[in-house]
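Here is how the chains run, residue by residue.
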Amino acid sequence: MTKTSAGRFFEDYIVGDVITHAVPRTVKMGERALYHALYPARHALHSSDMFAQACGLPFSPLDDLVTFHTVFGKTVPDISLNAVANLGYAEGRWITPLWPGDTITATSEVIGVKENSNGTSGVVWVRTTGRNQHGDMLLTYVRWVMVRKRGSGPAPSTVVPDLQKAVNVADLVIPRGLDFSGYDFALAGEPHRLGNYTVGEVIDHVDGVTVEEAEHMLATRLWQNTAKVHFDATNRADGKRLIYGGHVMSLARALSFNGLANAQMIVALNGGGHANPCFAGDTVRAWSEVLEIAETSAPGIGAIRLRLVATKGQAGLLRGADGKYDPDVLLDLDYWALMPV
Amino acid sequence: MTKTSAGRFFEDYIVGDVITHAVPRTVKMGERALYHALYPARHALHSSDMFAQACGLPFSPLDDLVTFHTVFGKTVPDISLNAVANLGYAEGRWITPLWPGDTITATSEVIGVKENSNGTSGVVWVRTTGRNQHGDMLLTYVRWVMVRKRGSGPAPSTVVPDLQKAVNVADLVIPRGLDFSGYDFALAGEPHRLGNYTVGEVIDHVDGVTVEEAEHMLATRLWQNTAKVHFDATNRADGKRLIYGGHVMSLARALSFNGLANAQMIVALNGGGHANPCFAGDTVRAWSEVLEIAETSAPGIGAIRLRLVATKGQAGLLRGADGKYDPDVLLDLDYWALMPV
Amino acid sequence: MTKTSAGRFFEDYIVGDVITHAVPRTVKMGERALYHALYPARHALHSSDMFAQACGLPFSPLDDLVTFHTVFGKTVPDISLNAVANLGYAEGRWITPLWPGDTITATSEVIGVKENSNGTSGVVWVRTTGRNQHGDMLLTYVRWVMVRKRGSGPAPSTVVPDLQKAVNVADLVIPRGLDFSGYDFALAGEPHRLGNYTVGEVIDHVDGVTVEEAEHMLATRLWQNTAKVHFDATNRADGKRLIYGGHVMSLARALSFNGLANAQMIVALNGGGHANPCFAGDTVRAWSEVLEIAETSAPGIGAIRLRLVATKGQAGLLRGADGKYDPDVLLDLDYWALMPV
């Protein structure tokens, strides 16, 4: 009975170690079709080869979150199988678009460890990098999780990485060839360009989606995410299956089309947290807040930094008077997207 | 909060206006696989490249209703977001097959408006046209919907288009190269050719499918249909999600394989209505009535005009003594298909 | 009402007859993506073109069970529409991998009939063969089912085929070019090679998946399996839909990654039975027993014969003291897979 892996425990993470994640994955148009079936995704650059070509790309790339989910899924058996909590993300940058036919591999470098005062768990920071079959970086991001300790040995030396609060505009990578100077706002679905948004503006994305068990399990399996809490109803005392946080990310991002149809590509993940668990039957809504607006040197392309909040409740509400997330809030994400100026 | 669109109201439709629908969509083999997962589709021409090639086509086209659903989905934000009811279809014609890799765009011309006597809503007729990346017409059809009025302004001049009761046989477009002279009935699944059907014949398609929430939402999202009644369980007082009428169309058409396996391609939509709403848990069955039989000039190819009825009840029952649809009837569709003579 | 087929009855099967199954099917990358969404499949050879190329293949083939399910689905209207029970499998061999773009056709030869003593049903044995568009055999297997008799005519002469208890190692077909001499165990996900397994060893695959109605219906439709018990909740008195036994096969095989990540390709189906029905809401787990280990003449490639058991209960438990399957056991499958030595 020793052929299966029990996963890594806190003691197994040594700062500087690089973990090669298993099971490379080739993604093609089937994954794209499924993405459109699973999420109400309508951003034109990810929907139409013609639209993408008019924006200087060879054809329509897979959704940026497909890259994220696939890379994340690969890390689960090595990083979060024994995780107590998924604590945060930082310094996420999309470097190369994901094209149909690409094969994704992933590695993670351990960049920090800090044992908890209870001595039974600790926080592990990893910098995960996904690459395509040419070895080009697709995506890199830092994630930290709380992991159970196997034994009662001494605590390792604490290393806490110094992480940027947000990715600098100068570090955003704009896909080669991307050009919004001839951007077709009518086909994209909304007339709003970067200059129409103001910092502090809150956008209610209006629509809601009630989530079913079959949907989130199809999605989570598609990304080869093996965390049993998502699939096994006998795993929790209440018989509920915890919905993969990334499923909520994609739902919220897709819902944000309604008001942010021109926030076409996600290029950085500044931070984010899964505020409350999401379960089947929940009706997920989304709202965004404009955090920052920036120019880039690419033709016609600006950058917009957004807070994207998924909620079961009303738009605009994030935290209570006590500073804690409102119980209806599911996700609080901070990202940079590209938008025509 | 003004970045999202509230959709068009009755006053916004001016006869002669042409609306460009947003978000072009490239469809490939992923959409085809999903179509086969969502519906019990078995028509050989849409299932096998070899069978399609033996019928003179370069390879297997996507199901004709994929064209319909994708084009229809594009129109929702502009035509039916504030619709009270989807009233009917007419003069639908498939002009060019949908090939994997095609990008679909859609426009609608307003061809009629008629305010209701209550002064709070009106009927809008549009002729919608879907095109591929070469600008070729894929599909054109007329649809009319009842739309809410925004205000209390005066009624526009009434324009009611003069619509054909059915598409003329001479106007049916047979895909270039299609040839049924060497048609393989064994591989197609049934021996019945056009001459085996008689006008007035009723065919009970026997099988039933019980519908789940996850299925109709996957389908409706795949067509980028944004109508919130299909996705948001909080939208109706009874907590039900209304199933997209086109989902029932595809279910019924796929079920009709059993008895109409050789009605290979849909080439015209003469009319149709969604008689009663369909909800998850309903078991959908189908029956057909042969309305008309016709020859065409294409090799080995005839045309069969069919009434296709989706029902939760027994085959053959359509309307009660009062002329109203039986409460079990979900869909009443009138279409032309191509069949080997 | 005579256009639909009532299916074949026991009297319709004549030993020596070859039945051509209808509806050829082209499968591509969409089917692969759906396979990964429906099952927690992670075997690297079926996940990554790069991994497959490093093993000597041109690219990643579709999962071996996609071949099985698609071929099986084609046989349903001719073999099991009136089946009372699916009794067993034997002599299954995968001959050629299934590549994206292949078109599958299937035929079955009747190789045995035996009327039951009650005179109302009988057992039919067929040898089913799936072929690709080049006429190459993809898969061949024997299956026997109990089928209802139409009338009360005399029993046919009994013919019971002499079936092998297991496929001989010498008869296993190793895909052309397959070479495990440079096999990357890190990317494959586990370090265990053939030599690490011992006959009699039992592996608990640990994970469980709770099954939803939408999932098994999507899968079963994807294989164009038309058996109404899987789709129509009104078909049984208890309102349950019986899950296609092949769905449980694929679930169990995918779960077996955890402990058998290097059992890369299924090359033979020695036998198997669906011990108990599976319904939505069941949490499916799996365990394997190593039955036999063998060398092959192909570079770096060995063969492992495995019993794969799907269960709702604990690992290792198969039959009770009475010799009957434990009520929790769903599937008992005996197969050969290829594994690096």
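For the structure itself, look to the data block above.
Residues numbered from 1 in each chain as written. Chains lettered and ligands numbered in written order. Predicted model: local features only at pLDDT ≥ 70, side-chain atom pairs only at ≥ 80, totals over all residues. Heavy atoms only, no water.

Peer 1: How would you explain the relation of the copies chain A and chain C if you had to name every residue and give the values?
Peer 2: Superposing chain A onto chain C takes a rotation of 120 degrees plus a shift of 0.0 Å along the axis, which leaves an RMSD of 0.0 Å. One copy is carried onto the other by what is essentially a three-fold rotation axis. For chain A, the minimum C-alpha distance to the rotation axis belongs to Gly30 of chain A and amounts to 2.2 Å. (Least-squares fit on C-alpha atoms with pLDDT ≥ 70 in both.)

Peer 1: Quick one: what's the story with the interface of chain A and chain C, residue by residue and with numbers?
Peer 2: Every contact between the two is made by 32 residues of chain A and, on the other side, 45 residues of chain C. The tally of links from chain A across to chain C stands at six salt bridges. For the salt bridge of Lys3 of chain A with Glu201 of chain C, the shortest nitrogen-to-oxygen distance reads 2.6 Å. Summed over the shared surface of chain A and chain C, the number is 19 residue pairs in polar contact (both at pLDDT 80 or more). Contributing elements (two or more residues each) for the side of chain A that touches chain C: strand E2 (25-26), helix H1 (29-38) and helix H5 (213-222) of chain A. Class assignment of the residues belonging to the side of chain A that touches chain C gives a composition of twelve nonpolar, eleven polar and nine charged. (Contact = heavy atoms within 4.5 Å. Salt bridge = Lys/Arg side-chain N within 4 Å of Asp/Glu carboxyl O. Polar contact = N/O pair within 3.5 Å; in protein donor to acceptor, adjacent residues only side chain to side chain. Helix = DSSP H or I, 4+ residues; strand = E, 2+ residues; numbered from the N terminus. Nonpolar A, V, L, I, M, F, W, Y, C, P; charged D, E, K, R; others polar.)

Peer 1: Explain the pattern of salt bridges residue by residue, including any values.
Peer 2: A full pass over the atoms with the stated rule returns 51 salt bridges over all chains. Across the pair Glu215 of chain A and Arg221 of chain B runs a salt bridge whose closest N-O atoms are separated by 2.7 Å. In this pair, Glu215 of chain A is assigned in helix H5 and Arg221 of chain B in helix H5 (residues 213-222), connecting two distinct chains. For Glu215 of chain A, a relative accessible area of 3% puts it in the buried group. (Buried < 20%, exposed > 50% of the residue type's maximum accessible area, 1.4 Å probe, protein only.)

Peer 1: How would you explain the side chain of Glu190 of chain C if you had to name every residue and give the values?
Peer 2: Locating Glu190 of chain C in the fold gives a position in the loop between helix H4 (185-188) and strand E7 (202-204). Buried and without a salt bridge, Glu190 of chain C has Arg42 of chain C as its closest oppositely charged side chain, separated by 7.2 Å. Within the structure, Glu190 of chain C has its side chain in polar contact with the backbone nitrogen of Ala261 of chain C (distance 3.1 Å). Residues contacting Glu190 of chain C, with those up to four places away along its chain left out, are Lys3 of chain A together with Phe185, Tyr197, Phe257, Asn258, Gly259, Leu260, Ala261 and Asn262 of chain C. (Lys, Arg positive; Asp, Glu negative; His and termini not counted.)

Peer 1: Let's hear about unusual backbone geometry: which residues, and what values?
Peer 2: Residues and elements named next belong to chain C. Positive phi, normally seen in glycine, also occurs at Val23, with a value near 65 degrees. Counting through the fold element by element, Val23 comes out in the loop between strand E1 (18-20) and strand E2 (25-26). Backbone geometry at Glu91 places phi at a positive 50 degrees, although glycine is not the residue there.

Peer 1: Account for the interface of chain A and chain B, naming residues and giving values.
Peer 2: A common measure of how large an interface is: the accessible area buried when the components associate. Residue-level contacts link 45 residues of chain A with 33 residues of chain B. Carbon and sulfur atoms supply 59% of the area buried between chain A and chain B, which totals about 3,200 Å² over both sides. Run the count over chain A and chain B and you get six salt bridges. Note that Asp207 of chain A and Lys228 of chain B form a salt bridge whose closest N and O atoms lie 3.8 Å from each other. Where chain A touches chain B, the interface holds 19 residue pairs in polar contact (both at pLDDT 80 or more). Taken together, the elements giving at least two residues each to the side of chain A that touches chain B come down to H1, helix H2 (49-54), helix H4 (185-188), strand E7 (202-204), strand E8 (209-210), H5, helix H7 (257-260) and strand E10 (283-295) of chain A. Here the side of chain A that touches chain B takes eight residues from H1 of chain A, the largest share from any one element. Within the side of chain A that touches chain B, the residues separate by chemical class into 22 nonpolar, 13 polar and ten charged. (Buried area = accessible area lost by both parts, 1.4 Å probe.)

Peer 1: Could you give an account of the environment of Thr210 of chain A, with specific residues and numbers?
Peer 2: Here Thr210 of chain A shows up in strand E8. For Thr210 of chain A, a relative accessible area of 2% gives the class buried. Residues Thr210 of chain A and Thr283 of chain A, 73 residues apart in the sequence, show an inter-C-alpha distance of 3.9 Å. Beyond its immediate stretch of four places on either side in the chain, Thr210 of chain A contacts Glu215, Gly281, Asp282 and Thr283 of chain A together with Met217, Phe231, Asp232, Ala233, Thr234 and Arg241 of chain B. Here Thr283 of chain A takes part through its side chain, which lies 2.8 Å from a polar atom of the side chain of Thr210 of chain A.

Peer 1: So what's going on with the nonpolar core? Which residues, and what values?
Peer 2: Of all hydrophobic cores here, the largest spans 183 residues; its most connected members are Phe68 of chain A, Phe68 and Ile304 of chain B together with Phe68 and Ile304 of chain C. Once residues lying within four places of it in the same chain are set aside, the contact partners of Phe68 of chain B are Tyr89, Trp94, Leu139, Tyr141, Tyr244, Met249 and Leu269 of chain B. (Core = buried A, V, L, I, M, F, W, Y, C linked by side-chain atoms within 4.5 Å.)

Peer 1: Break down the relation of the copies chain A and chain B for me, with residues and values.
Peer 2: For the pair chain A and chain B, the relating rotation is 120 degrees, the translation along its axis is 0.0 Å, and the fit reaches an RMSD of 0.0 Å. The share of interface residues of chain A whose copies in chain B are also at the interface is only 9%, consistent with the copies meeting through different surfaces.

Peer 1: Could you give me a rundown of helix H1 (residues 29-38) of chain B, with the residues and numbers involved?
Peer 2: Among the ten residues of H1 of chain B, ten are classified as buried, and the element is accordingly described as predominantly covered. Residues of H1 of chain B that are buried: Met29, Gly30, Glu31, Arg32, Ala33, Leu34, Tyr35, His36, Ala37 and Leu38 of chain B.

Peer 1: Any details on the packing of aromatic side chains? Residues and values, ideally.
Peer 2: Pairs of aromatic rings are described using the distance from one ring centre to the other and the angle between the two planes. Residues and elements named next belong to chain A. For the structure on display, the rule yields 33 aromatic pairs over all chains. With 4.7 Å between their ring centres and 55 degrees between their planes, Tyr35 and Tyr39 make a pair best called tilted. What makes Tyr39 buried here is its relative accessible area of 0%. Ring geometry for Phe68 against Tyr89: centres 5.7 Å apart, planes inclined by 75 degrees, an arrangement best described as edge-to-face. Residue Phe68 is found in helix H3 (residues 64-79), and its partner Tyr89 is found in strand E3 (residues 83-94); the two are separated by 21 residues along the sequence. Take Phe68: its relative accessible area is 1%, and that puts it in the buried class. (Phe/Tyr/Trp six-rings, centres within 6.5 Å; stacked < 30°, edge-to-face > 60°.)

Peer 1: Kindly report on the pairing of strand E12 (residues 329-340) of chain C, identifying the contributing residues and their values.
Peer 2: Residue and element names in this part refer to chain C. Burial runs high along E12: twelve of the twelve residues are buried. Pairing of strand E9 (residues 265-274) with E12 involves eight bridges; the strand directions are antiparallel. Considered in E12, the bridge of His274 is made with Leu331. When strand E11 (residues 301-311) meets E12, the two strands line up antiparallel, connected through eleven bridges. For Ile301, the partnering residue across the bridge sits in E12 and is Pro340. (Pairing = 2+ DSSP bridges.)

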